[in-house]
Amino acid sequence: MNDTYKMMIVDDEFEIREGLNSFYWERFQFQVTGLAANGKQALDLMQRTDVDIVLTDIKMPVMDGIELSREIAMHYPHVKIVILSGYKEFSYARDALQAGVSEYLLKPVDLKHLSESMMKLKLQLDAERLSSQKLQSYENQLAGSLPAARDYFFQSLIEDTLPEYHEAKEKMSLLEIEMNATYYCCAALKLETKSYHDGTLPDNIMTKVHTILERHLDAGQCQSYTLRKKAGELAVFLNLNATSVPPRRSLSLLFEQIIGSIEQETACQSIVGLGEVYQSFLSFPDSFKQARSVMERNIFWERGGLFLWEPADGHPVERKEYPYPYETKLLDAVLEGNLDNSLLHFQQFWNSCGLDSERDEFSIVLKYLTPLFTMLERRLDLHGASFESMASLRIPFSEFIERYPTMSTLKMALDRLISDITMQIKKINDDVQTTSHSAVQQVKKYIEEHCSEKITLNQMADLVYLNPSYFSIQFKRETGINFIDYLKNCRMEKAKELLRRIDLKVYEIGELVGYLDRKYFATTFKSHTKLTPLEYRQSFITY
């Protein structure tokens, strides 16, 4: 390899320092970049310059070589340490080796022995650098594919069958997508300019618009992701917390500023459609359809500016937002075998849908119950069960609903159905619970040792030979939180530990705990600790 390695020489005797400095280090591709008279001076220099190797004496004033070696091992673990000493006592060699020293050489130095030791050290550094470069190349490839994978996720979210909530959350975690606030909404944005008659826009304009969106939305404390659609069209996924300003009003103000900046900075006119605001990211498809519908209508009338979707002008009036949060709670309770919570959350789901009249329209009933039981069937299948085996029911469930002439009789039948399924699931869970404790402990240990890697629930379930759904339930039962949150907490605790060291950059720490996206790591860390990584590190610095 052609790159040189930087070396520091530490010795309290001037003649020895200069003599070592004059040695022909270039043959090993070593370059002396610092000279110090004691350990404290060496540490001070290391804070200002990168070093690969430290060649140091043992007996020195202020801070000796053994103490220096311990400090280097703690704060700069990548640095190789070579002890050079006239002390032959075994205790020094033992202490040096315990302090992480790579080589221990005795004075007077035999040049042949010195050359052999340095060549051995050089080959070791070459191997480590090659390994690091391969790892960096792999991480760069993965980082390079993250944007495409995120695009595919959001495209699938608005076009394909909706994923189950926990499945979607795990995918977002793996793709380092931060969507964890209170309100969710979509905007559809179309750019138009007379300069490009074929409808296409140069990449530099689209990139500039993306930057404008990111700048304004970040300033408005709105988490977002922008997906490029066809020529000149963008889909913007928005996520913001509750404030004193209603969320739709807050988004309207932000997009009015964005439209002005786009016109000023790109000379393009923009038409923006803003969908309804919901309380679950699984409602993104509804919000996007609304946003795109109102945008296209105003493109047809050749209007520019911001337009909000309203349930009017021929659009069907939505009764109520589909209660995804209650759906998730209900499915979790059923798969946990918790009868009381299953019935409680089903009642909450029912009330949230507004299914309280004696006989509502059949199509409205199907609108809410069909997706609920379709998703429950998917969760049961992951659990090794099914509606057919537990209740002799098959998809679609319209025939089951049609059996009951009134809403009250249908509600009682559904209560019985959910109770029966929950109790059967409880029995299945109890049968496997005896083997779950050691499995959960094994996975916790694996996470602790491999937190820098991409880890999924399915991988861990395979590791301990359990059904993923069983494993998820038992993991939450033993730890008190779900798998994704436990993994994130472990990574954040490891990040806090690493931030107390001074030899690693913040982005390096992010990569060491499994985050390739620097912004996502910083956002996740602040969400966990209420401090940015830099603020947390500064809180431990003693002046």
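Just so we're clear, the structure is a prediction, and the values are computed from it rather than from any experiment. (Residues numbered from 1 in each chain as written. Predicted model: local features only at pLDDT ≥ 70, side-chain atom pairs only at ≥ 80, totals over all residues. Heavy atoms only, no water.)

### A word on the pairing of strand β7 (residues 223-228)
Across a regular strand the side chains alternate sides, sitting on one face of the sheet and then on the other. Basically, it comes down to this: A pair of strands counts as paired when DSSP detects no fewer than two bridges linking them. Counting from the N terminus, the helices are DSSP H or I runs at least four residues long and the strands are E runs at least two residues long.
Pairing of β7 with strand β8 (residues 233-240), which is carried by six bridges, proceeds in the antiparallel orientation. The residue of β8 that forms the bridge with L227 is A235. Hairpin connection, β7 to β8: the antiparallel pair is bridged by four residues, and G232 has positive phi, about 70°.

### Digging into the packing of aromatic side chains
What counts here: A pair of aromatic rings is counted whenever rings of Phe, Tyr or Trp (Trp by its six-membered ring) have centres within 6.5 Å, and the orientation is called stacked for planes under 30 degrees apart, edge-to-face for over 60 and tilted otherwise. The rule is simple: take the accessible area with a 1.4 Å probe, protein chains only, and divide by the maximum for that residue type; under 20% is buried, over 50% is exposed, in between is partly exposed.
Evaluated as defined, the whole model comprises 25 aromatic pairs. Ring geometry for F237 versus F284: centroids 5.1 Å apart, planes at 85°, classification edge-to-face. Here the residue F237 occupies a position in strand β8, and F284 occupies one in helix α9 (residues 284-300), the gap between them amounting to 47 residues. Classification of F237 as buried rests on a relative accessible area of 0%. Classification of F284 by relative accessible area gives buried; the value is 1%. Between the aromatic rings of Y322 and F349, the centroid separation amounts to 5.6 Å while the plane-to-plane angle is 75°, which identifies the pairing as edge-to-face. Here Y322 is found in the loop between β10 (305-308) and α10 (324-336), whereas its partner F349 is found in helix α11 (residues 339-353), with 27 residues between them in sequence. For the residue pair Y322 and F349, the accessibility class agrees, reading buried in each case. Through a chain of ring-to-ring contacts, the aromatic side chains of F153, F154, Y165, Y184, Y225, F237, F281 and F284 assemble into a single cluster.

### Overview of the confidence of the model for the chain
Spelled out, the test is: pLDDT is defined as a per-residue confidence score from the predictor, taking values between 0 and 100. Two residues form a contact once any of their heavy atoms are found within 4.5 Å.
Residues with a pLDDT of 70 or more make up 89% of the chain, whose mean pLDDT is 83. Considering only residues more than four positions removed or in separate chains, one finds that residues 313-319, a stretch of pLDDT under 50, has 14 contacts.

### Notes on helix α21 (residues 518-529)
Here is the rule we go by: Residue count minus one, scaled by 1.5 Å, sets the expected span of a helix. Summarising the geometry, the arc corresponds to the directions from the helix axis toward the C-beta atoms. Definition of a polar contact: a pair of N or O atoms within 3.5 Å, with one able to donate and the other able to accept a hydrogen when the atoms are protein atoms, and with sequence-neighbouring residues admitted only if both atoms are side-chain atoms.
With 12 residues, α21 extends 16 Å between its outermost C-alpha atoms, agreeing within 8% with the 16 Å of an ideal straight helix rising 1.5 Å per residue. Within α21, burial applies to Y520, F521, T524, F525 and T529. All buried residues of α21 lie within an arc of 140° about the axis, which places them on one face of the element. Elements that come into contact with the buried residues of α21 comprise α6 (165-174), α19 (483-499), α20 (506-512) and α22 (533-538). For α21, the N-terminal cap is D517; the gap from its side-chain oxygen to the backbone nitrogen of K519 is 2.9 Å. K530 occupies a position one or two residues after α21 and carries a positive phi of about 70°.

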